[in-house]
Amino acid sequence: MFILVSLTYFAFMIGFERQMLASGLRVIVHRDVGTPMVTTNILYDAGARDEDPEATGFAHLFEHLMFEGTREVPLFDVPVMMAGGENNAFTNNDLTNYYITLPANNIETAFWLESDRMRGLDLAGERLDNQKSVVTEEFRQRYLNQPYGDLLLLLRPLAYRVHPYRWPAIGMDISHIEKANSVSARRFYDRFYTPSNAILSVAGNVDPDRVFRLAEKWFGTMAPGERPERKLPPEPEQSERRELTVHRTVPAAHLVMAFHMGDRLSRDFYILDLLTDILAGCDSARFQSILVRQKELFSDADIYLSGEADPGLVIFSGRLSNGTDIRKAEEAVITEFDRLAREHVTPAELDKARNRYESHRLMSYMSASNKAFSLAYHEVLGDADGINRENEQYMSVTEDEMVSVSQRTFRPENTSVIYYLPENR
Amino acid sequence: MSAQKINKVPEIITPSPGDTTFPEAIHLGNGIPVYLIGNGTVDLLRVEFVFPAGQVMEERHLEASTANAMLTEGTATHDATAINDLIDSTGAALTHAAEKDTAGLVTVTLTRKLDEVMALAQEVMFSPSFPDNEFRMLTDRRVQAFLTNRQKTSVVAREAFYEALCGATSPYGRITREEDYRSLSTDDLRRFHGKHYRPDNMYITVAGREPWQALSVLEKYFSAAGTGRWQKAPLPDPGIDPSEPGFMFREVPNSVQSTVRMGWRGITRNHPDYLELQVATMILGGYFGSRLMRRIREEKGYTYGIHAVAGAFHGTGYITIMTDVANAYRDETLGEIRNEIDKLRNEEVSDDEMTLVRNHLMGEIARMFDGPFAVADAIRGMIDYDTGSVYYTRFAETVRTVTPRRIREVFNTWFNPGEAYEIIAGGR
């Protein structure tokens with residue numbers, strides 16, 4: 001008789017407590033005594049996928065407005081800084097997330113500020129106009145004034161025809177940002193910025209009971225608002241290969257290939273996350289050793305998951321070595337996909353991917369603010385405790401599953417390709 | 001809204017920086033100093049190896065960063081593929097670090113894999129073979145990245161700034177050209193490596209939970225080589241030869257934005273004004289509500305961000321302001337920056353603004369020492385630039401006590417309009 005003891009994959013758990021207030025706000029607390037700081041993280045369940053297709057980029061523009069002050073706090077940053085804190089936010093296709101990290105003894109300042117801007121935001125026209133031009137410059141700086149900066153802007157509408165993932169969080173076009181006005185801002189605010197559409201996650205050197213008392217004090221009596229229903233059109237299954245060729249002033253050609261995959265909680269996500277790590281997660285990965293070093297077709301080759309809540313994409317992205325024919329490069333990538341659909345990855349490859357996952361996970365637990373966000377993110381996906389179940393999902397991935405996911409995913413009719421070529425060729 | 005009416009605004013407790021000192025070094029048998037930084041909460045260790053082998057040591061341009069990048073491209077016993085495979089199978093991250101004055105490796109590993117990772121670190125740092133074929137491929141990849149960077153207005157403006165400030169012949173000011181990559185040989189790298197990557201020319205930091213666990217492993221892999229007691233050798237003179245201040249335009253065709261950069265000669269960390277200069281730069285452009293951010297982003301909407309920084313290398317320092325703006329606003333932006341500096345040279349900062357910046361900086365210092373990996377980064381600056389372990393204690397004291405009058409003096413001393421370098425990189 002054997003007794004199986006799993007020594008290697010000892011799971012490090014993130015402990016937390018959770019409550020829902022009468023206002024509908026979900027509150028999560030994780031205590032971390034290794035830091036003098038605390039992070040309050042507020043996640044709003046509203047992202048670019050919730051936008052009107054004629055007014056894309058709005059969720060992100062709105063994130064900017066959340067820093068523009070209220071009647072009570074005209075300059076949001078001032079009290080944060082006075083309390084020795086820092087704060088920021090980001091918007092993606094699924095959600096908008098705000099955080100404040102500050103010395104733990106000033107935690108109540110963060111509650112005051114977040115509850116204030118959840119209800120009392122000043123949406124005056126001039127603030128909006130100014131943030132429209134700031135966001136326009138952000139659009140230019142990140143996507144238009146960088147070589148290869150527009151690649152992902154091109155990819156989304158190619159890979160998605162129906163689902164709102166067809167536009168990026170920054171927006172489909174600068175002209176959409178221009179169209180935003182106070183009326184649409186007010187409507188967005190009232191619809192999405194309510195306690196029942198938000199998750200407050202707190203991590204750091206704090207007593208959970210005190211956090212729940214503060215949450216009750218600052219958010220407990222708010223009107224819950226109606227939790228908006230999300231009815232997004234699902235992306236129909238792709239039935240033929242899509243291809244787009246563009247010419248730009250860049251020094252080298254770039255190849256992008258995207259494949260539809262399952263949603264964030266599907267088994268496919270975990271299998272493909274480990275598989276893409278085996279393909280391109282590190283210097284000894286297959287693409288690095290075969291496509292970059294051995295065949296010298298690419299100077300850089302990566303593959304990763306878009307990682308969105310709804311069914312997402314696996315994205316291959318590679319910069320070609322000088323003189324490589326892009327069709328030849330693409331064939332070499334396809335050869336690797338075909339191999340995955342036929343043969344098991346080696347036990348050493350799987351073991352490596354597991355070790356790397358374990359390191360990454362522990363690394364992400366070094367930071368209280370990371371833990372605060374992760375807990376909120378899992379809660380919005382359905383259950384904060386998901387953070388503690390992922391380890392098992394990853395560790396149980398088998399070689400067989402990798403073969404079958406490859407067969408399902410890396411099919412010609414499930415592919416969208418961009419040939420991004422230098423102008424002078 | 002109701003919560004706001006019922007509840008009083010919470011009182012703010014003035015932030016304090018916490019403990020900012022660092023431990024005395026422990027010495028391995030052969031004298032290598034090791035700094036142990038504890039208080040980790042997960043079973044990871046971060047081990048960093050630092051050599052005075054940065055750009056300032058170069059006889060030929062690019063040899064410091066190239067020698068560093070080539071460490072993992074082959075050794076006496078393993079080729080590049082085998083090395084990468086060995087590192088990656090442990091799950092560890094091994095990062096190359098080549099900077100102006102130092103170079104080395106940073107490893108982050110599961111504690112249980114420490115022995116394997118240190119064995120590899122020792123191998124790649126002390127017996128790299130610099131194989132020709134890997135060098136050729138690395139060069140091709142670096143040239144391609146270089147050509148891509150040439151199209152970025154921010155990169156072109158940065159290079160033009162440091163060339164003007166430090167001089168085209170100084171290792172800090174040299175502009176990189178494609179032939180610099182092509183003319184380097186593996187012999188250059190072997191010479192550079194042999195001279196600088198030596199056990200008696202390095203120090204180690206270990207950060208994480210129970211870092212002393214690493215000592216016996218470090219002893220095992222790093223103590224055998226070399227018997228000379230470690231002594232910090234002085235760095236060579238960087239040969240600073242600034243050009244005349246003034247305006248420069250650098251064309252980057254087809255850009256939809258321009259990078260605007262303004263800057264001045266700065267001072268080194270041990271200069272008596274250095275800490276006050278940090279506070280001054282913070283007021284000008286170091287945080288979201290700074291003078292420049294308020295004016296140029298929040299009032300004018302010209303940019304997504306604008307920043308001011310004062311920093312230092314060995315033997316010299318810099319002050320610089322940078323932003324990316326639409327081509328149409330670049331001249332106005334330059335004018336607005338000049339105005340904001342002018343105001344700070346003429347009017348004292350209000351007490352409210354001073355308190356805000358004081359508290360903010362206290363929070364920044366506290367965050368720099370939040371967690372063992374952050375501490376390891378923070379103490380590197382103190383060791384590399386001989387500031388002593390009281391640097392942040394002194395900084396916190398300056399933050400607490402510097403007066404608005406003194407800040408105005410700092411702007412008058414170090415932000416002289418006649419001594420400014422002004423650069424625009426963008427479309428015609």
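Residues numbered from 1 in each chain as written. Chains lettered and ligands numbered in written order. Predicted model: local features only at pLDDT ≥ 70, side-chain atom pairs only at ≥ 80, totals over all residues.

### Section: the overall build of chain B
We count it as follows: Helix and strand definitions follow DSSP, with helices as H or I runs of at least four residues and strands as E runs of at least two, each counted in order from the N terminus. With C-alpha atoms as the basis for the radius of gyration, the globule rule is written as 2.2 Å multiplied by the number of residues raised to the power 0.38. Counting other C-beta atoms within 10 Å of a residue's C-beta gives its exposure: the residue is buried at 20 or more, exposed at 12 or fewer, and partly exposed in between, where C-beta atoms are placed from the backbone. Throughout, a residue-residue contact means that the two C-beta atoms, derived from backbone geometry, are no farther apart than 7 Å.
Looking only at helices and strands, one finds 16 helices and 11 strands in chain B. Scaling as 2.2 N^0.38, a compact globule of 428 residues should have a C-alpha radius of gyration of about 22 Å, and chain B matches this with 24 Å. Within chain B, the fraction of its 428 residues that count as buried is 48%. Considering only intrachain contacts with a sequence separation of at least 6, the fraction spanning at least 24 residues in chain B is 81%.

### Things to note about the domain arrangement of chain B
All names here are of chain B. What counts, and what does not: Residue ranges assigned to the domains are those given by an automatic or database domain assignment. Ten residue types, Ala, Val, Leu, Ile, Met, Phe, Trp, Tyr, Cys and Pro, are classed as nonpolar, four, Asp, Glu, Lys and Arg, as charged, and the remainder, Gly among them, as polar.
Assigned domains within chain B: domain 1 (26-222) and domain 2 (246-426). Averaged C-alpha coordinates put domain 1 and domain 2 at centres separated by 29 Å. Counting residues at the interface gives 28 residues for domain 1, matched by 28 residues for domain 2. Elements with a minimum of two residues in the side of domain 1 that touches domain 2: β2 (33-37), β3 (44-51), α6 (153-166) and β6 (203-208). Among the elements that line the side of domain 1 that touches domain 2, the one with the most residues is α6, at 10 residues. Residue classes in the side of domain 1 that touches domain 2 are distributed as 14 nonpolar, 9 polar and 5 charged.

### Overview of unusual backbone geometry
All names here are of chain B. A positive phi angle is found at Glu210, which is not glycine, with a value near 50 degrees. Summarising the element assignment, Glu210 is placed in the loop between β6 and α9 (214-222). Note on Glu210: 14 C-beta atoms within 10 Å, which makes it partly exposed. For Asn254, which is not glycine, the phi torsion reads 65 degrees and is therefore positive. Mapped onto the secondary structure, Asn254 falls in the loop between β7 (246-251) and β8 (257-265).

### A short note on the sheet that holds strand β10 (residues 316-326) of chain B
Residues and elements named next belong to chain B. Note the threshold: The pairing criterion for strands is at least two bridges between them, as found by DSSP. The angle between two axes is taken between their N-to-C directions and runs from 0 to 180 degrees, where each axis is a line fitted to C-alpha atoms and a helix contributes only its stretch in contact.
Taken in spatial order, the 5 strands make up an open sheet running β7-β11-β8-β10-β9, and their pairing is mixed. Because the sheet does not close on itself, it has two edges, and the strands there are β7 and β9 (303-313). Going across the sheet, the axis of each strand differs from the next one's by a mean of 15 degrees, ignoring polarity. Across the sheet, helix α12 (residues 330-346) lies against β8, β10 and β11 (421-426), angled at about 30 degrees from β8, the strand it touches most.

### A word on helix α12 (residues 347-364) of chain A
Going by this rule: Given the number of residues in a helix, its expected span is that number minus one, multiplied by 1.5 Å.
In this model, α12(A) (18 residues) spans 26 Å end to end at C-alpha, consistent with the 26 Å of a helix rising 1.5 Å per residue. Along α12(A), the positions that sit buried rather than exposed are A:Glu349, A:Lys352, A:Ala353, A:Asn355, A:Arg356, A:Tyr357, A:Glu358, A:Ser359 and A:Leu362.

### What about the nonpolar core?
The cut-off we apply is this: Any nonpolar core is a set of buried residues, restricted to Ala, Val, Leu, Ile, Met, Phe, Trp, Tyr and Cys, that join up through C-beta atoms within 7 Å.
Formed by 194 residues in total, the largest nonpolar core has its most connected members in A:Leu43, A:Ala215, A:Ala376, B:Ile204 and B:Val206. It is α6(B) that provides the largest number of residues to this core, a total of 8 residues. Within the second largest apolar cluster, 47 residues are counted, among which are A:Ala159, A:Ile315, A:Leu340 and A:Val417.

### Digging into the domain arrangement of chain A
Residue and element names in this part refer to chain A. When the domains of chain A are assigned, the result is domain 1 (17-219) and domain 2 (242-422). If you average the C-alpha positions of domain 1 and of domain 2, the two centres end up 28 Å apart. Each partner contributes residues to the interface: domain 1 has 31 residues there, and domain 2 has 25 residues. In the side of domain 1 that touches domain 2, the residues fall into 16 nonpolar, 10 polar and 5 charged.

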